[in-house]
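Survey of secondary and tertiary structure
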Amino acid sequence: MLEPDPSRTELARAPRRSSITWAVRAPLAAWLRTEAARAAADLGRYRVLDVGCGFRPYEPFFRPHASEYVGVDRDNPAADLQGTVEALPVADGSFDVVLCTQVLEHADDPAAAVRELARVVAPGGRVLASTHGTAVYHPAPNDYWRWTHTGLEQLFTRNADWSGVTVRPGAGTAACLALLLGTYVDLAAQKVHARPLGYPFVWTLNGAGALIDGLSRRLREPVPGTIFANFHVVADAPS
(Lines give C-alpha, C1' and ligand atoms only; values in the text may rest on other atoms or scores of the structure.)
Protein backbone atom coordinates (compact mmCIF):
# COMPACT_ATOMS: atom_id res chain seq x y z
CA MET A 1 0.00 0.00 0.00
CA LEU A 2 1.28 3.48 -0.90
CA GLU A 3 1.69 5.77 2.11
CA PRO A 4 -0.61 8.83 1.94
CA ASP A 5 0.93 12.26 1.36
CA PRO A 6 0.94 13.90 4.84
CA SER A 7 0.46 17.41 3.44
CA ARG A 8 -2.65 16.43 1.48
CA THR A 9 -4.21 14.52 4.35
CA GLU A 10 -3.57 17.35 6.80
CA LEU A 11 -5.17 19.91 4.47
CA ALA A 12 -8.26 17.71 4.20
CA ARG A 13 -8.55 17.48 7.99
CA ALA A 14 -7.74 21.16 8.58
CA PRO A 15 -8.38 23.06 5.34
CA ARG A 16 -7.29 26.68 5.02
CA ARG A 17 -10.10 29.21 4.97
CA SER A 18 -8.62 30.52 1.70
CA SER A 19 -9.46 27.15 0.08
CA ILE A 20 -12.44 27.07 -2.25
CA THR A 21 -13.55 23.77 -0.67
CA TRP A 22 -13.34 25.05 2.92
CA ALA A 23 -17.15 25.15 3.35
CA VAL A 24 -17.27 21.42 2.53
CA ARG A 25 -14.02 20.16 4.04
CA ALA A 26 -14.02 21.95 7.39
CA PRO A 27 -17.53 20.84 8.47
CA LEU A 28 -16.90 17.34 7.10
CA ALA A 29 -13.72 16.95 9.15
CA ALA A 30 -15.42 18.26 12.30
CA TRP A 31 -18.36 15.89 11.81
CA LEU A 32 -16.16 12.84 11.23
CA ARG A 33 -14.02 13.60 14.27
CA THR A 34 -17.20 13.72 16.38
CA GLU A 35 -18.64 10.57 14.80
CA ALA A 36 -15.41 8.64 15.35
CA ALA A 37 -15.58 9.34 19.09
CA ARG A 38 -19.34 8.71 19.24
CA ALA A 39 -18.92 5.33 17.57
CA ALA A 40 -16.33 4.38 20.19
CA ALA A 41 -18.73 5.33 22.98
CA ASP A 42 -21.54 3.31 21.36
CA LEU A 43 -19.61 0.34 19.93
CA GLY A 44 -16.32 0.08 21.77
CA ARG A 45 -13.41 -0.94 19.53
CA TYR A 46 -14.67 -1.17 15.97
CA ARG A 47 -13.67 -2.19 12.46
CA VAL A 48 -13.72 0.56 9.81
CA LEU A 49 -14.18 0.25 6.06
CA ASP A 50 -13.33 3.44 4.17
CA VAL A 51 -15.12 3.21 0.81
CA GLY A 52 -13.57 5.36 -1.89
CA CYS A 53 -10.77 6.04 0.54
CA GLY A 54 -8.70 8.27 -1.76
CA PHE A 55 -5.57 9.26 0.16
CA ARG A 56 -7.19 8.22 3.50
CA PRO A 57 -7.35 11.71 5.04
CA TYR A 58 -9.71 10.83 7.89
CA GLU A 59 -7.97 7.68 9.10
CA PRO A 60 -6.32 9.51 12.05
CA PHE A 61 -9.76 10.36 13.48
CA PHE A 62 -10.71 6.68 13.64
CA ARG A 63 -7.40 4.94 14.30
CA PRO A 64 -7.38 5.53 18.10
CA HIS A 65 -10.73 3.70 18.34
CA ALA A 66 -10.38 1.12 15.57
CA SER A 67 -9.23 -2.47 15.78
CA GLU A 68 -8.85 -2.39 11.98
CA TYR A 69 -9.02 0.28 9.27
CA VAL A 70 -9.39 -0.91 5.68
CA GLY A 71 -9.45 1.36 2.64
CA VAL A 72 -11.10 0.29 -0.59
CA ASP A 73 -10.98 2.23 -3.84
CA ARG A 74 -10.66 1.87 -7.58
CA ASP A 75 -7.20 2.21 -9.20
CA ASN A 76 -5.72 3.61 -5.99
CA PRO A 77 -2.35 2.42 -4.67
CA ALA A 78 -3.17 3.89 -1.24
CA ALA A 79 -6.08 1.44 -0.86
CA ASP A 80 -5.82 -1.94 0.85
CA LEU A 81 -8.45 -3.41 -1.49
CA GLN A 82 -9.40 -2.53 -5.04
CA GLY A 83 -13.10 -2.24 -5.82
CA THR A 84 -16.06 0.05 -6.43
CA VAL A 85 -18.81 1.17 -4.09
CA GLU A 86 -21.29 -0.93 -6.09
CA ALA A 87 -19.23 -4.11 -5.65
CA LEU A 88 -17.25 -4.06 -2.41
CA PRO A 89 -14.76 -6.96 -2.07
CA VAL A 90 -15.59 -7.75 1.56
CA ALA A 91 -17.92 -10.16 3.36
CA ASP A 92 -21.44 -9.39 4.53
CA GLY A 93 -21.69 -7.59 7.87
CA SER A 94 -17.93 -7.43 8.36
CA PHE A 95 -17.42 -3.79 9.44
CA ASP A 96 -18.90 -1.84 12.33
CA VAL A 97 -18.36 1.60 10.78
CA VAL A 98 -18.48 2.16 7.03
CA LEU A 99 -17.28 5.50 5.66
CA CYS A 100 -18.33 6.76 2.25
CA THR A 101 -17.21 10.38 1.94
CA GLN A 102 -17.72 12.35 -1.28
CA VAL A 103 -18.23 9.17 -3.31
CA LEU A 104 -21.93 8.90 -4.12
CA GLU A 105 -21.90 11.80 -6.59
CA HIS A 106 -19.36 9.79 -8.63
CA ALA A 107 -21.12 6.41 -8.38
CA ASP A 108 -22.50 4.81 -11.52
CA ASP A 109 -25.48 3.48 -9.54
CA PRO A 110 -26.17 5.22 -6.20
CA ALA A 111 -29.00 2.80 -5.31
CA ALA A 112 -26.69 -0.19 -5.76
CA ALA A 113 -24.05 1.66 -3.76
CA VAL A 114 -26.40 2.09 -0.79
CA ARG A 115 -27.35 -1.59 -0.96
CA GLU A 116 -23.66 -2.51 -0.80
CA LEU A 117 -23.02 -0.17 2.14
CA ALA A 118 -25.91 -1.84 3.96
CA ARG A 119 -24.63 -5.30 3.07
CA VAL A 120 -21.15 -4.84 4.52
CA VAL A 121 -22.06 -3.01 7.74
CA ALA A 122 -22.40 -5.22 10.81
CA PRO A 123 -25.67 -5.49 12.78
CA GLY A 124 -25.86 -2.51 15.11
CA GLY A 125 -23.16 -0.68 13.15
CA ARG A 126 -23.48 2.47 11.10
CA VAL A 127 -22.73 4.02 7.76
CA LEU A 128 -21.30 7.55 7.65
CA ALA A 129 -21.74 9.07 4.20
CA SER A 130 -21.34 12.52 2.71
CA THR A 131 -22.12 13.88 -0.72
CA HIS A 132 -22.96 17.09 -2.52
CA GLY A 133 -26.13 19.09 -2.61
CA THR A 134 -24.97 21.98 -4.81
CA ALA A 135 -21.51 21.96 -6.36
CA VAL A 136 -19.68 22.74 -9.56
CA TYR A 137 -19.06 19.92 -12.01
CA HIS A 138 -15.95 18.01 -10.92
CA PRO A 139 -15.33 14.77 -12.84
CA ALA A 140 -13.05 12.36 -10.96
CA PRO A 141 -13.27 10.61 -13.36
CA ASN A 142 -17.06 11.10 -13.59
CA ASP A 143 -19.52 13.35 -11.77
CA TYR A 144 -23.15 12.30 -12.03
CA TRP A 145 -25.38 13.28 -9.11
CA ARG A 146 -26.58 16.05 -6.74
CA TRP A 147 -29.16 15.72 -3.95
CA THR A 148 -31.52 17.48 -1.60
CA HIS A 149 -31.82 16.23 1.97
CA THR A 150 -35.13 14.53 1.12
CA GLY A 151 -33.61 12.90 -1.96
CA LEU A 152 -30.77 11.43 0.09
CA GLU A 153 -33.14 10.19 2.77
CA GLN A 154 -35.22 8.49 0.11
CA LEU A 155 -32.12 7.00 -1.55
CA PHE A 156 -31.09 5.33 1.71
CA THR A 157 -34.50 4.26 3.01
CA ARG A 158 -35.70 2.80 -0.30
CA ASN A 159 -32.62 0.68 -0.85
CA ALA A 160 -31.94 -0.87 2.57
CA ASP A 161 -33.49 -1.51 5.95
CA TRP A 162 -32.10 0.83 8.61
CA SER A 163 -33.03 1.41 12.21
CA GLY A 164 -32.60 5.13 11.50
CA VAL A 165 -31.39 7.55 8.84
CA THR A 166 -30.51 11.20 9.49
CA VAL A 167 -29.42 13.70 6.84
CA ARG A 168 -28.03 17.10 7.82
CA PRO A 169 -26.40 19.93 5.85
CA GLY A 170 -22.69 20.26 6.41
CA ALA A 171 -22.85 24.06 6.40
CA GLY A 172 -25.43 26.73 5.66
CA THR A 173 -26.77 28.55 2.64
CA ALA A 174 -24.44 31.54 2.92
CA ALA A 175 -21.45 29.18 3.08
CA CYS A 176 -22.69 27.45 -0.07
CA LEU A 177 -23.03 30.75 -1.92
CA ALA A 178 -19.56 31.75 -0.73
CA LEU A 179 -18.14 28.46 -2.02
CA LEU A 180 -19.69 28.92 -5.45
CA LEU A 181 -18.60 32.53 -5.78
CA GLY A 182 -15.15 31.70 -4.41
CA THR A 183 -14.76 28.98 -7.01
CA TYR A 184 -15.17 31.49 -9.82
CA VAL A 185 -12.92 34.04 -8.12
CA ASP A 186 -10.28 31.30 -8.02
CA LEU A 187 -10.84 30.40 -11.68
CA ALA A 188 -10.55 34.07 -12.70
CA ALA A 189 -7.30 34.43 -10.75
CA GLN A 190 -5.91 31.30 -12.42
CA LYS A 191 -6.91 32.68 -15.81
CA VAL A 192 -4.62 35.68 -15.35
CA HIS A 193 -1.88 33.49 -13.81
CA ALA A 194 -2.25 35.17 -10.42
CA ARG A 195 -3.97 32.56 -8.29
CA PRO A 196 -2.49 33.77 -4.96
CA LEU A 197 -4.24 37.12 -5.50
CA GLY A 198 -7.56 35.30 -5.21
CA TYR A 199 -6.85 33.75 -1.82
CA PRO A 200 -7.75 36.84 0.28
CA PHE A 201 -11.06 37.16 -1.56
CA VAL A 202 -11.89 33.49 -1.03
CA TRP A 203 -10.88 33.78 2.66
CA THR A 204 -13.19 36.77 3.06
CA LEU A 205 -16.09 35.08 1.29
CA ASN A 206 -15.76 31.93 3.41
CA GLY A 207 -15.57 33.94 6.63
CA ALA A 208 -18.56 36.07 5.68
CA GLY A 209 -20.60 33.00 4.74
CA ALA A 210 -19.89 31.32 8.08
CA LEU A 211 -20.73 34.52 9.96
CA ILE A 212 -24.04 35.05 8.18
CA ASP A 213 -25.07 31.42 8.65
CA GLY A 214 -24.23 31.71 12.33
CA LEU A 215 -26.65 34.63 12.66
CA SER A 216 -29.57 32.90 10.96
CA ARG A 217 -30.84 29.46 11.93
CA ARG A 218 -33.10 29.47 8.87
CA LEU A 219 -30.05 29.55 6.60
CA ARG A 220 -28.68 26.45 8.35
CA GLU A 221 -31.89 24.40 8.12
CA PRO A 222 -33.20 22.61 5.00
CA VAL A 223 -36.30 24.72 4.39
CA PRO A 224 -37.68 26.08 1.10
CA GLY A 225 -35.32 28.60 -0.47
CA THR A 226 -32.10 27.23 1.01
CA ILE A 227 -29.18 25.56 -0.79
CA PHE A 228 -26.40 23.46 0.68
CA ALA A 229 -23.02 22.44 -0.67
CA ASN A 230 -22.83 19.14 1.20
CA PHE A 231 -24.85 16.72 3.29
CA HIS A 232 -23.84 14.30 6.06
CA VAL A 233 -25.74 11.02 6.39
CA VAL A 234 -25.84 8.68 9.38
CA ALA A 235 -27.53 5.35 8.59
CA ASP A 236 -27.79 2.94 11.53
CA ALA A 237 -27.99 -0.79 10.85
CA PRO A 238 -30.55 -2.81 12.82
CA SER A 239 -29.13 -4.81 15.71
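Higher on the page you've got the structure.
Residues numbered from 1 in each chain as written. Predicted model: local features only at pLDDT ≥ 70, side-chain atom pairs only at ≥ 80, totals over all residues. Heavy atoms only, no water.

1. A word on the packing of aromatic side chains
Per the stated rule, a full pass over the model turns up five aromatic pairs. Ring plane angle 65 degrees and centroid distance 5.9 Å describe the contact between phenylalanine 228 and phenylalanine 231, whose orientation is recorded as edge-to-face. Take phenylalanine 228: its relative accessible area is 4%, and that puts it in the buried class. The exposure class of phenylalanine 231 is buried, given its relative accessible area of 3%. We note arginine 17 situated over the ring of tryptophan 203; from NZ or CZ to the ring centre the distance is 5.7 Å. Looking at arginine 47, its charged tip hangs above the ring of phenylalanine 95, at a distance of 4.3 Å from the centre. (Phe/Tyr/Trp six-rings, centres within 6.5 Å; stacked < 30°, edge-to-face > 60°. Buried < 20%, exposed > 50% of the residue type's maximum accessible area, 1.4 Å probe, protein only. Lys NZ or Arg CZ within 6 Å of the ring centre and 35° of its normal.)

2. A word on the pattern of salt bridges
All chains considered together, the criterion is met by 14 salt bridges. Between arginine 63 and glutamate 59 there is a salt bridge; the shortest N-O distance is 2.8 Å. For arginine 63, a relative accessible area of 38% corresponds to the partly exposed category. Here glutamate 59 falls in the buried class, since its relative accessible area comes to 13%. Each of the salt bridges in this network shares a partner with another, and the network as a whole consists of Glu35, Arg38, Asp42, Arg126 and Asp236. (Salt bridge = Lys/Arg side-chain N within 4 Å of Asp/Glu carboxyl O.)

3. So, the nonpolar core
Judged by nonpolar contacts, the single largest core of 34 residues is most densely connected at Leu49, Val51, Val98, Val127, Phe156 and Trp162. If you list the elements that add at least two residues to this core, you get β1 (46-51), β2 (66-73), β4 (95-101), α4 (110-120), β5 (121-132), α5 (149-159), β6 (164-169) and β7 (230-236). The leading source of residues in this core is α4, at five residues. Once you skip the residues sitting within four places of it in the chain, tryptophan 162 turns out to touch Val114, Ala118, Val121, Val127, Phe156, Thr157, Ala235, Asp236, Ala237 and Pro238. Leu28, Leu32, Tyr58 and Tyr69 belong to the second-largest nonpolar core, a separate cluster that totals 18 residues. (Core = buried A, V, L, I, M, F, W, Y, C linked by side-chain atoms within 4.5 Å. Helix = DSSP H or I, 4+ residues; strand = E, 2+ residues; numbered from the N terminus. Contact = heavy atoms within 4.5 Å.)

4. Thoughts on the packing of α4 against α5
Where α4 contacts α5, the axes come no closer than 9 Å and their chain directions differ by 60 degrees. Comparing the axis directions of α4 and α5 gives the class oblique. Once α4 is placed against α5, the crossing between them reads as right-handed. In this structure, α4 uses Pro110, Ala111, Val114 and Arg115 to contact α5, whose residues at the interface are Leu155, Phe156 and Asn159. The residue inventory of the contact of α4 with α5, partitioned by class, reads five nonpolar, one polar and one charged. (Axes fitted to C-alpha atoms, helices over the stretch in contact; angles between N-to-C directions. Parallel < 35°, antiparallel > 145°, perpendicular 65-115°, else oblique. Left-handed = near helix turned anticlockwise from the far one by under 90°. Nonpolar A, V, L, I, M, F, W, Y, C, P; charged D, E, K, R; others polar.)

5. Brief notes about the pairing of β2
Within β2, six of the eight residues are buried, which leaves it mostly tucked inside the rest of the structure. Direction of pairing for β1 relative to β2: parallel, over a ladder of six bridges. Considered in β2, the bridge of arginine 47 is made with glutamate 68. Note that β2 and strand β3 (residues 81-82) share two bridges and pair parallel. By the bridge assignment for β3, aspartate 73 is matched with glutamine 82. (Pairing = 2+ DSSP bridges.)

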